[in-house]
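# Secondary and tertiary structure notes
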Amino acid sequence: MQHLSRTVSPALPHPCLRALRAAFPQTIPVLAGYFVLGLGYGIYVQSLGLPVWMPMLMGTVVYGGSLEFVLASLLLGAFSPLSAFLMALMIQARHLFYGLAMLERYKGYGWRSFYMIFAMSDETFSITCSAVPPEGVDKGWFMFFITLLDQLYWVGSAGLGAALGTVLPFSTEGVDFVMTAMFTVIFLNQWEKDQQHGSALIGLAVPLVCLAVFGSGSFLLPSMGGILVLLLALRRPMEKAAGEVEE
Amino acid sequence: MTAVQMGLTIAVCTAATMLTRFLPFLIFSSKEQQPPEVVRYLGRVLPAAIFGMLIVYCLKGVTPFSGSHGIPEALALLATIALHKWKHQTLLSVAGGTLCYVLLVQLVF
């Protein structure tokens, strides 16, 4: 307990508080984004007829925007834990690579490390992987508060959206399109980033075929399997198209 | 789905998420260690494919041969894409596309 053994002058706030003060400005862009998307997410989940606390619960334990949207709609369908598990794995797989990038940064802060890994989001990762705390501010607390504030923004906005959804004076019919629009925009951003578009096209084509063959109730598992198999089978040409393999 | 099944589905998704977040810290100890090349390849190509699949997943309920024939979905998708090509503001495109769809299904179709 280093902060107890030190003489703390009243002018200097607790190191914990100082870290919070340094972390907050870093998170303002995330606050703006999470507020808008979280509101939409809360209203959307509420419009599906799920309990008003559901968006906050999912935001707390899962805390991954894309998966939470999908999870809410899975809850309306037939019980299929295997499909849900694989879907979650595939949507969240990118976190594996965030973890790899943060191996050293997130190590050695005890329970704070545990929480920072538990609540890693795209946005939090994008800040903590590069932000440098001001002098005299503890790096562990700094990254911890960035993580905590971001999750609070998300859970708070989701709760607010769900509460709003119950009192809105107009119909929320059609709000569920927020999920489609969000994935479309992420898809477009990814398209512009990628050197090759084979994987994007596979991601559209395989599920379309599976939807036609298996129907909307059971096309997810074959889609995921088909995508993985095709991506692995086409590895050479895809890497060539991306310019990753020399002739 | 019963309440218990909902709870299980959420638990399963939480477990999968935590697996992806904690696994690197459990198996690797330094940056020098890297996952197999095939895993890194999937890391590069999977995101585009997954979001393509999620778009299809979102539109799985569209009936091209009956009802509104998927016209509101197609129009709202076009609006989302056009807005994004024009302004390139993620939140604006999502909000605009959704608003377009809400107006279409409530006022037109």
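This is a predicted model, so every value here is computed, not measured. (Residues numbered from 1 in each chain as written. Chains lettered and ligands numbered in written order. Predicted model: local features only at pLDDT ≥ 70, side-chain atom pairs only at ≥ 80, totals over all residues.)

### Points about the overall build of chain A
Looking only at helices and strands, chain A has 13 helices and zero strands in total. The helix and strand sequence of chain A, counted from the amino end, reads α-α-α-α-α-α-α-α-α-α-α-α-α. Summarising its shape, the C-alpha atoms of chain A cover approximately 70 × 60 × 30 Å along the three principal directions. Burial statistics for chain A: of 247 residues in total, 42% are counted as buried. Sequence separation of at least 24 residues holds for 75% of the intrachain contacts in chain A that already meet a minimum separation of 6. (Helix = DSSP H or I, 4+ residues; strand = E, 2+ residues; numbered from the N terminus. Buried ≥ 20, exposed ≤ 12 C-beta atoms within 10 Å, placed from the backbone. Contact = placed C-beta atoms within 7 Å.)

### Brief notes about the environment of Cys13 of chain B
Structurally, Cys13 of chain B can be placed in helix α1 (residues 3-27). C-alpha of Cys13 of chain B to C-alpha of Trp86 of chain B: the two residues are 73 residues apart in sequence and 36 Å apart in space. Excluding residues within four positions of it along the chain, Cys13 of chain B makes contact with Val62, Leu67, Leu71, Ala84 and Ala88 of chain A.

### Some details on the UniProt feature "transmembrane region" (unreviewed entry) in chain B
All names here are of chain B. The sites that carry the UniProt feature "transmembrane region" (unreviewed entry) are, in the present numbering, residues 6-29 and 90-108. From the first C-alpha to the last, residues 6-29 spans 36 Å; its make-up is 92% helix and 0% strand. Regarding residues 90-108, the helix share stands at 100% and the strand share at 0%, and the terminal C-alpha atoms are separated by 26 Å. (UniProt positions renumbered as here; feature names shortened; annotations may be inferred.)

### Section: the domain arrangement of chain A
Residue and element names in this part refer to chain A. Here the domain parsing of chain A yields domain 1 (2-167) and domain 2 (194-241). Computed over C-alpha atoms only, the centres of domain 1 and domain 2 are separated by 30 Å. The interface of domain 1 with domain 2 comprises five residues on the first partner and four residues on the second. In terms of residue class, the side of domain 1 that touches domain 2 is made up of four nonpolar, one polar and no charged. (Domains from an automatic or database assignment. Nonpolar A, V, L, I, M, F, W, Y, C, P; charged D, E, K, R; others polar.)

### Describing helix α12 (residues 220-233) of chain A
Taking 1.5 Å per residue, 14 residues should reach 20 Å; α12 of chain A reaches 20 Å between its end C-alpha atoms and fits that length. Taken together, the buried positions of α12 of chain A are occupied by Leu220, Ser223, Met224, Ile227 and Leu231 of chain A. Buried positions in α12 of chain A, seen along its axis, are confined to an arc of 95° and lie on one side of it. In α12 of chain A, the exposed residues that point more than 90 degrees away from the buried face are Val229 and Ala233 of chain A. In this fold, the buried residues of α12 of chain A make contact with α5 (81-92) and α11 (198-214) of chain A together with α2 (37-58) of chain B. (Expected span 1.5 Å × (residues − 1). Arc of directions from axis to C-beta.)

### Considerations on the interface of chain B and chain A
Listed per partner, the contact involves 58 residues of chain B and 70 residues of chain A. Counting residues per element, the side of chain B that touches chain A draws most heavily on α1 of chain B, which supplies 18 residues. Tallied by class, the residues present in the side of chain B that touches chain A amount to 39 nonpolar, 16 polar and three charged.

### Considering the nonpolar core
Of all hydrophobic cores here, the largest spans 92 residues; its most connected members are Val70, Leu71, Met182 and Phe183 of chain A together with Cys13, Ala49 and Leu54 of chain B. Top contributing element to this core by residue count: α2 of chain B, with 13 residues. Each of domain 1 (2-167) and domain 2 (194-241) of chain A gives at least three residues to this core. (Core = buried A, V, L, I, M, F, W, Y, C linked by C-beta atoms within 7 Å.)

### Brief notes about the packing of helix α10 (residues 177-193) of chain A against helix α3 (residues 71-87) of chain B
Two quantities define a packed helix pair, namely the angle between the axes and the distance from one axis to the other. Relative orientation of the contacting elements α10 of chain A and α3 of chain B amounts to 40°, with a least axis distance of 10 Å. Comparing their axes, α3 of chain B and α10 of chain A come out oblique. Remark: the crossing between α10 of chain A and α3 of chain B carries right-handed chirality. Two secondary-structure elements touch here, α10 of chain A through Phe177, Ala181, Thr184, Val185 and Leu188 of chain A and α3 of chain B through Ala76, Leu77, Thr80, Ile81 and His84 of chain B. Of the residues belonging to the contact of α10 of chain A with α3 of chain B, the class tally is seven nonpolar, three polar and no charged. (Axes fitted to C-alpha atoms, helices over the stretch in contact; angles between N-to-C directions. Parallel < 35°, antiparallel > 145°, perpendicular 65-115°, else oblique. Left-handed = near helix turned anticlockwise from the far one by under 90°.)

### Some points on the packing of helix α4 (residues 65-74) of chain A against α1 of chain B
Between α4 of chain A and α1 of chain B, the least distance of the axes is 10 Å, while the angle of their chain directions is 155°. Judged by the angle between their axes, α4 of chain A and α1 of chain B are roughly antiparallel. Note on packing geometry: the crossing formed by α4 of chain A with α1 of chain B is right-handed. Counted together, Leu67, Leu71 and Leu74 of chain A of α4 of chain A and Thr9, Ile10, Cys13 and Thr17 of chain B of α1 of chain B form the full contact between these two elements. Classifying every residue of the contact of α4 of chain A with α1 of chain B by side-chain character gives five nonpolar, two polar and no charged.

### Considering the confidence of the model for chain B
All names here are of chain B. Of the residues in chain B, 99% have a pLDDT of 70 or more, and the chain-wide mean is 91. No element of chain B has a lower mean pLDDT than α2, at 89, and none a higher one than α3, at 96. Quick note on the complex model: pTM equals 0.85, ipTM equals 0.91. (pLDDT = per-residue confidence, 0-100.)

### Topic: α10 of chain A
With 17 residues, α10 of chain A extends 24 Å between its outermost C-alpha atoms, agreeing within 8% with the 24 Å of an ideal straight helix rising 1.5 Å per residue. Phe177, Val178, Met179, Thr180, Ala181, Met182, Phe183, Thr184, Val185, Ile186 and Phe187 of chain A are the residues of α10 of chain A that are buried. At its buried positions, α10 of chain A is contacted by α2 (15-47), α4 and α11 of chain A together with α2, α3 and α4 (90-108) of chain B.

### As for the confidence of the model for chain A
Confidence along chain A averages 89 in pLDDT terms, with 94% of residues attaining 70 or more. Mean pLDDT in chain A bottoms out at helix α1 (residues 2-5) of chain A, which sits at 50, and peaks at helix α3 (residues 54-61) of chain A, which reaches 97.

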